[in-house]
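The residues making up each chain are set out below.
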Amino acid sequence: TDKPRCGVYINYCRSSYNHNNHGIEREMMKTFIGLSLFLLAHGDIFMTNPRGSNNRLNEKSNNRANANRLFDSQNNNKGGYNVGDRFAEEAGNDPAKQYQIQYYESGPQLEESSKLIIEWANQHGCGSKNRKSKCNIVIQYMCMNNGTDANYPKTQSGTVEEQKKRTDYMRDGASTNTQDYSKPRKQLKKETEAQYKQRMTENRNKNVRFNYGLHESLIWYDMCRYREANPRLFRADQQLNIDSVGYVPSHKTRQNANGNRRGFECPEERDYYPYWQPTLQGNYDKDSQRTAWLDAAYLGLGCNGILKNSFNTKDKYRCVLNKYRDYGRSITKDACELEGGNWVKFTSYLEVLDDITNKDDCEAKNKATPRNTIIWAPLRSDSTDSKCIVKAPRAACGTIPFTRVNHLGNSFLHANNASRFEWDIPHFPSGSAKRCVVRVRYNITTMDYDPSQTSSDQNGDNSPVTNNPTIDVFENGNGLALAINTAQFGRTFQDRSHIFQILPRLKSMSGKKIHNLNVRGQRGNLAQNFPSVEYDFVPDKLTVKQDDLVHIQWAGINTNVAGRAGEGKDGTDRNNFVELSGDPDTSYPYILSKAPFWNNVVSLTDPSSSGHDIAIALASSGYFCGKAASKTCPAGMSVDGNDRDALQKQLDNAPASYFGHVIAFKGPGQVYYMCTRNNNFTNRSQKGMIYITPRKQ
């Protein structure tokens, strides 16, 4: 039976399905995803906005506690940022006291985008001008309904509802431990229905803990443990041994030959792109509306050809078994039929509008929502139950940021900034809030062999590269050793955000573009923080139109490493936003009542606030909500009626994170601003500027 045939550029395997015979074309295409050079890779990609976790949670140590907590980053243990704290105290073991940053969605019209800068630094170089390696960047996201507090798993109860929450609900968790898992103990054909159900009950009731973090679902990983590894992949001289199921499953790859588990991530899906199977995390559930991994952007050569195989827009097939477990080994139609299954086509979705129950209303919704493609169709080919499906937006193509090797710093493409991509946050026509995670995959490869001519035929003794070879450069038997690890000769690194929320728009935001202005970095000087960064606003220079909106918001923590340089209470982040009284090269702020910028703004998230109230709230990181009591500002939290301790002058008793305000502008203008706590000339600068251009006449 023909298998997907992939060359050395392993993360792109053109496994497009021929609709005439549902087979898989044996066609290779040159790409760079999933491969990297060894290059003494002690750490590689770190996301700075949104805050990249690098598998950290709340540890107060220089190094993360558990590199296997949620995903395989292959990064240095020292990088990453802790999950945000909502208040002035540590969240501890209470997820309700964590802060998930919240962004407003884009609107239904094309001009109603919500812009978020995704920013990162990668160590080993990238870009067409970098002749020492080849690479690309893949940015993806996965979402589900945010629900309410009742949807968050809180117990280890054995009820069906609690099992469902624990094994499916995406969360940061309150423990740095990895979810446990009971693997198949018998060969595929020998695990009986009773044994399977017993094993999965053990997973749901005992192994998957309500207080541990979770991105991918339990079912997704169990599918990975059964699904056969693609045998047409180039594995060099790496040996992938047969597993307990009686063959090599897809949790083993050239980069992960031992099949080590990180969270419930599937290693083969992680290492290869676009993946040839649907990445749905289980059967469709109308309550959770959990998506597959959806593509936001591909930055690299051959983008248009590669994105033809993106699950956003191209349906993918999976073998569906008609029994107690509907997934098995097969990755081709012929093998699936021999296994007794059906070769079923699956459609990806951003969400499903279950309240729309007929084609006419669905088509009307599509016409009213230009930003989205909405179709009336079944979610899978073995069903006749059509639904109103909101398709994921087509992923963007972009230029690879040019960076030099052995360097975690700015790119040449984005002057004075790290590598970045401006993402249009999706629009969800249901009006439901979502919880999401973003991942950035950095794929780098060597050109020591022709990728278009290298596949599984060159595995083993035929491999063009071997581990740590000795080359007889002197031709006298005295060779020189090369540092080559074939598990890393072509490599994928990644970082992921913590969970964040996407909120439905307010009516007052109709027709408007939103720019998200956040804070990156954490406490500490450059040397203490590396490979993370010091405080700064992102973007720190923003030009907007008069009719645009800006959402000013930040996340901070109370769990920084003790003893790191900074102002205020040791171990804490604090930020604020105060107008400078001079140009960006000055250091003194305005007295708030005299700051001119605030006369030019209104708040859409708190319309009862005056400009002066907004200035007070942002200057105090939300400790005060305004000058005096109002409908939305309790007297005890106002400046005039404060009944708490006085605001500590370095914001120690202010919240570490703050939702802020979405502000609109009355007219053109500009503002230079600073953070009073962290801006410390010759030590660190935390300043920014916003320019508001006039409305077109």
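Here the structure is shown first, and the text comes after it.
Source: prediction; values computed, not measured.

1. A few points about the overall build of the protein
Then step 1. Scanning the protein from terminus to terminus reveals nine helices and 28 strands.
Then step 2. Taking 697 residues into account, the globule formula puts the C-alpha radius of gyration at 26 Å, and the protein, at 26 Å, falls close to it.
Then step 3. C-alpha atoms of the protein, sized along the principal axes, occupy 75 × 75 × 55 Å.
Then step 4. For the protein, restricting intrachain contacts to residue pairs at least 6 apart in sequence, the fraction spanning at least 24 positions comes to 73%.
Then step 5. Here the protein has roughly 27000 Å² of accessible surface; of this, 48% comes from carbon and sulfur atoms.
Then step 6. For the protein, the separation between the mean place of its 91 positive charges and that of its 74 negative charges on side chains is 1 Å.

2. Thoughts on the state of the cysteines
Then step 1. Within the structure shown, the criterion is met by seven disulfides.
Then step 2. What pairs with Cys143 in a disulfide is Cys436, and their sulfur atoms sit 2.1 Å apart. The sign of the 110° torsion about the S-S bond sets the Cys143-Cys436 disulfide as right-handed. Taken together, the residues Cys143 in strand E6 (residues 134-145) and Cys436 in strand E15 (residues 434-445) connect sequence positions 293 residues apart. The same class applies to Cys143 and to Cys436, which are both buried.
Then step 3. Each disulfide pairs two cysteine sulfurs, and for Cys362 the partner residue is Cys388, the sulfurs being separated by 2.2 Å. Residues Cys362 and Cys388 are joined through a disulfide that is right-handed, its torsion about the S-S bond being 90°.

3. Quick look at the sheet that holds strand E12 (residues 386-390)
Then step 1. Read from one edge to the other, the open sheet built from three strands follows the order E10-E12-E11, with strand pairing classed as antiparallel. Single-partner strands in this sheet number two, and they are strand E10 (351-352) and strand E11 (374-378).
Then step 2. Of the strand pairs in this sheet, E10 and E12 are connected by two bridges, and their pairing is antiparallel. Counterpart to Glu351 in the pairing with E12 is Val390.
Then step 3. The strands touched by helix H7 (residues 359-367) within the sheet are E11 and E12, with E11 carrying the most contacts at an inclination of about 150°.

4. Here's the deal with the nonpolar core
Then step 1. Judged by nonpolar contacts, the single largest core of 40 residues is most densely connected at Trp120, Ile139, Tyr141 and Trp423.
Then step 2. Setting aside residues up to four positions removed in sequence, Ile139 forms contacts with Ile118, Trp120, Leu294, Asp295, Ala296, Ala297, Phe421, Val438, Arg439 and Val440.
Then step 3. Among the nonpolar cores identified, the runner-up in size contains 25 residues, and Leu517, Val550, Ala615 and Tyr673 belong to it.

5. With respect to the side chain of Thr347
Then step 1. Looking at where Thr347 falls in the secondary structure, it is placed in the loop between strand E9 (341-346) and E10.
Then step 2. Within polar-contact distance, the side chain of Thr347 engages the side chain of Asp315 at 3.2 Å.
Then step 3. Dropping the residues within four chain positions of it, Thr347 is found in contact with Leu280, Phe311, Asp315, Pro378, Leu379 and Lys391.

6. With respect to the sheet that holds strand E28 (residues 687-693)
Then step 1. Taken in spatial order, the four strands make up an open sheet running E22-E28-E27-E24, and their pairing is mixed. Of all the strands in the sheet, just strand E22 (541-545) and strand E24 (578-579) have a single pairing partner and so form its edges.
Then step 2. Two strands pair when backbone bridges link them, and E22 and E28 are joined in this way by five bridges, in the parallel orientation. What sits directly across from Thr543, in E28, is Tyr691.

7. Considering the packing of aromatic side chains
Then step 1. Tallying each qualifying case throughout the model produces 27 aromatic pairs.
Then step 2. Seen in terms of ring centroids, Phe577 and Tyr673 are 4.1 Å apart; in terms of plane orientation they differ by 20°. Their pairing is stacked. Of this pair, Phe577 sits in the loop between strand E23 (549-554) and E24 while Tyr673 sits in strand E27 (residues 669-674), and the two are 96 residues apart along the sequence.
Then step 3. In textbook terms, an aromatic cluster arises when at least three aromatic residues are bridged by ring pairs, as seen for Phe537, Phe577, Phe597, Trp598, Phe665 and Tyr673.
Then step 4. Above the ring of Tyr247, the side-chain terminus of Arg329 is found at 4.2 Å from the ring centroid.
Then step 5. Positioned above the aromatic ring of Tyr623 is the side chain of Arg644, whose terminal nitrogen or guanidinium carbon lies 3.8 Å from the ring centre.

8. Describing the packing of helix H2 (residues 193-207) against helix H3 (residues 218-226)
Then step 1. Where H2 meets H3, the closest approach of the two axes is 12 Å, and the angle between their N-to-C directions is 140°. Put simply, H2 runs oblique to H3. Crossing of H2 against H3: the hand is right-handed. Between H2, through Tyr196, Arg199, Met200, Asn203 and Arg204, and H3, the contact on the second element is made entirely by Leu218, Ile219, Asp222 and Tyr226.
Then step 2. Within the contact of H2 with H3, the residues separate by chemical class into five nonpolar, one polar and three charged.

9. Observations regarding empty space enclosed by the protein
Then step 1. Scanning the entire structure with this criterion turns up eight cavities of 30 Å³ or more.
Then step 2. Of the voids in this model, the largest cavity is the one considered here, and its volume is about 150 Å³.
Then step 3. Around the largest cavity, the lining comprises 17 residues; the ones closest to its centre are Arg51, Tyr99, Ile101, His498 and Ala555.
Then step 4. Empty space within the second largest cavity amounts to approximately 100 Å³.
Then step 5. Every residue lining the second largest cavity is counted, 15 residues in all, and those nearest its centre are Gln140, Tyr273, Tyr275, Thr279 and Phe311.
Then step 6. Classifying every residue of the lining of the second largest cavity by side-chain character gives six nonpolar, five polar and four charged.

10. A word on the pattern of salt bridges
Then step 1. Summed over the entire model, instances satisfying the criterion amount to 36 salt bridges.
Then step 2. Glu534 is the partner of Arg684 in a salt bridge, and the nearest nitrogen-oxygen pair spans 2.8 Å. Placement of the pair is Arg684 in the loop between E27 and E28 and Glu534 in the loop between helix H8 (526-529) and strand E21 (536-538), with a sequence separation of 150 residues. Of the two residues, Arg684 and Glu534, both sit in the buried class.
Then step 3. Arg677 serves as the salt-bridge partner of Asp652, at 2.9 Å between the closest nitrogen and oxygen. Here the residue Asp652 occupies a position in the loop between helix H9 (611-619) and strand E26 (658-665), and Arg677 occupies one in the loop between E27 and E28, the gap between them amounting to 25 residues.
Then step 4. Residues joined in a network through salt bridges with shared partners are Asp72, Arg262, Arg270 and Asp271.

Calculation criteria
Residues numbered from 1 in each chain as written. Predicted model: local features only at pLDDT ≥ 70, side-chain atom pairs only at ≥ 80, totals over all residues. Heavy atoms only, no water. Helix = DSSP H or I, 4+ residues; strand = E, 2+ residues; numbered from the N terminus. Rg over C-alpha atoms; globule rule 2.2 N^0.38 Å. Contact = heavy atoms within 4.5 Å. Areas by Shrake-Rupley, 256 points an atom, 1.4 Å probe, with all protein chains shown as cover. Lys, Arg positive; Asp, Glu negative; His and termini not counted. Charge placed at Lys NZ, Arg CZ, Asp CG, Glu CD. Disulfide = S-S within 2.5 Å. Buried < 20%, exposed > 50% of the residue type's maximum accessible area, 1.4 Å probe, protein only. Pairing = 2+ DSSP bridges. Axes fitted to C-alpha atoms, helices over the stretch in contact; angles between N-to-C directions. Core = buried A, V, L, I, M, F, W, Y, C linked by side-chain atoms within 4.5 Å. Polar contact = N/O pair within 3.5 Å; in protein donor to acceptor, adjacent residues only side chain to side chain. Phe/Tyr/Trp six-rings, centres within 6.5 Å; stacked < 30°, edge-to-face > 60°. Lys NZ or Arg CZ within 6 Å of the ring centre and 35° of its normal. Parallel < 35°, antiparallel > 145°, perpendicular 65-115°, else oblique. Left-handed = near helix turned anticlockwise from the far one by under 90°. Nonpolar A, V, L, I, M, F, W, Y, C, P; charged D, E, K, R; others polar. 1 Å grid on protein atoms, 1.4 Å probe; cavity = no way out; pocket = protein on both sides within 12 Å on 5 of 7 lines; lining within 4 Å. Points joined across faces, edges and corners; volume = space filled by probe spheres on them. Salt bridge = Lys/Arg side-chain N within 4 Å of Asp/Glu carboxyl O.

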